[in-house]
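In case you want the letters, here they are:
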Amino acid sequence: MQQMLMGKNALVTGGTAGIGKEIALQFARQGASVAIFGTNEERAIAAVQEMEKVKISENQKFAYFLVDVAHSKNVEETLSKLLADWSRIDILVNNAGITRDNLLMRMSEEDWDLVVDVNLKSVYNTCRVLARPMMKARSGKIINITSVIGLTGNAGQTNYAASKSGMIGFTKSLAKELASRNVCVNCVAPGYIETQMTQELPDSVKEAVLSKIPLARIGQPSDIAHAVLFLASDLANYITGQVLTVDGGMVI
Ligand code: NDP
């Protein structure tokens, strides 16, 4: 299927790498204009160049913004600029995320705050600004990338799990707040996906995870991007407040 997002304007946080970049590319292939947030300029430029290569209409626009999603003031200023330039954002994907794993006994306050701020406060930062124009437009799609860890918990990831469970509660609450204005808010919960985030894990951990995946393969960023595309498209106009788990059957 093509042209599922023709004429739409989308913002993908963390669109410079991994899952977020694949989501941005998938949106570009379907006709959307796409803005990405990240902190690495080299990767941001490369992502925009890749989107230019796969676009299907001359009207599509692509832009990157170097912004730390944890900082509310920076996010607010950047979104004001983007809204002034593009007049509306139809699709918001909150994907930027990090890990700083450690057992609770050894977890510093700094690592707790950083993970919660980048993964969860960021969602507040973007939604607080973009919910109002979406409500006024009586249309919008917000998709938050949580994790199966937010559903199951994981030893060594109290900070990450708390941030990802927090995203789920946030999503369900905002879905209830915005539903009367036809704005849908959902989560996608990836399982184990091959990106830089998971590359750093030791081989023994990777093998242990693989043995728990019924579909017997590690997921690819495109597996997540396809689910996000569905939720961002008109095919999902009657779906809100849900968590779509995309994990090869890991959590059944
Ligand atoms: P990557 O590490 O490959 O990419 C992370 C992205 O987030 C990068 O684009 C990075 O941009 C951006 N980012 C990180 N910190 C900030 C910040 N402070 N401000 C702005 N952008 C930031 O991770 P993945 O692609 O693997 O993960 C994407 C999302 O998917 C995350 O939310 C993650 O928790 C979730 N997820 C991933 C799983 C996996 O197995 N990979 C499993 C479950 C969930 P830059 O480098 O430019 O700063």
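Details of the structure are given in the entry above.
The rules we used
Residues numbered from 1 in each chain as written. Predicted model: local features only at pLDDT ≥ 70, side-chain atom pairs only at ≥ 80, totals over all residues. Heavy atoms only, no water. Near = heavy atom within 4 Å. Polar contact = N/O pair within 3.5 Å; in protein donor to acceptor, adjacent residues only side chain to side chain. Areas by Shrake-Rupley, 256 points an atom, 1.4 Å probe, with all protein chains shown as cover. 1 Å grid on protein atoms, 1.4 Å probe; cavity = no way out; pocket = protein on both sides within 12 Å on 5 of 7 lines; lining within 4 Å. Sits in = over half its atoms within 2 Å of the grid points. Helix = DSSP H or I, 4+ residues; strand = E, 2+ residues; numbered from the N terminus. Buried < 20%, exposed > 50% of the residue type's maximum accessible area, 1.4 Å probe, protein only. Pairing = 2+ DSSP bridges. Right-handed = clockwise from strand over helix to strand, strands pointing away.

1. Re the site of the ligand
- Around the ligand, a shell composed of 30 residues is seen, among which Thr39, Arg43, Asn95, Tyr160 and Thr195 lie nearest.
- A distance of 3.0 Å is found between an oxygen atom of the ligand and a backbone nitrogen or oxygen belonging to Gly14.
- Arg43 places a polar side-chain atom, nitrogen or oxygen, 2.4 Å from an oxygen atom of the ligand.
- Isolated, the ligand exposes 900 Å² of accessible area, and the fraction of that covered by the protein chains is 91%.
- When atoms are counted within 2 Å of each cavity's grid points, the one that captures over half of the ligand is the largest pocket.
- Where the shell around the ligand is concerned, the elements lending two or more residues are α1 (18–29), α6 (158–178) and α7 (196–199).
- Per element, the largest residue contribution to the shell around the ligand is 3 residues, and it comes from α7.

2. Here's the deal with the pairing of strand β5 (residues 140–145)
- Burial within β5 is extensive, with 6 of its 6 residues counted as buried.
- A two-sided burial pattern is seen for β5, the buried positions comprising Gly140, Ile142 and Asn144 on one face and Lys141, Ile143 and Ile145 on the other.
- Two elements, strand β4 (residues 91–94) and β5, share 4 bridges in a ladder whose sense is parallel. Within the sheet, the bridge partner assigned to Leu92 lies in β5 and is Ile142.
- Read as a crossover between parallel neighbours, the route from β4 over helix α4 (residues 109–137) to β5 is right-handed.
- The pairing of β5 with strand β6 (residues 183–190) spans 6 bridges and is classified as parallel. Note that in β6 the partner of Ile143 across the bridge is Asn186.

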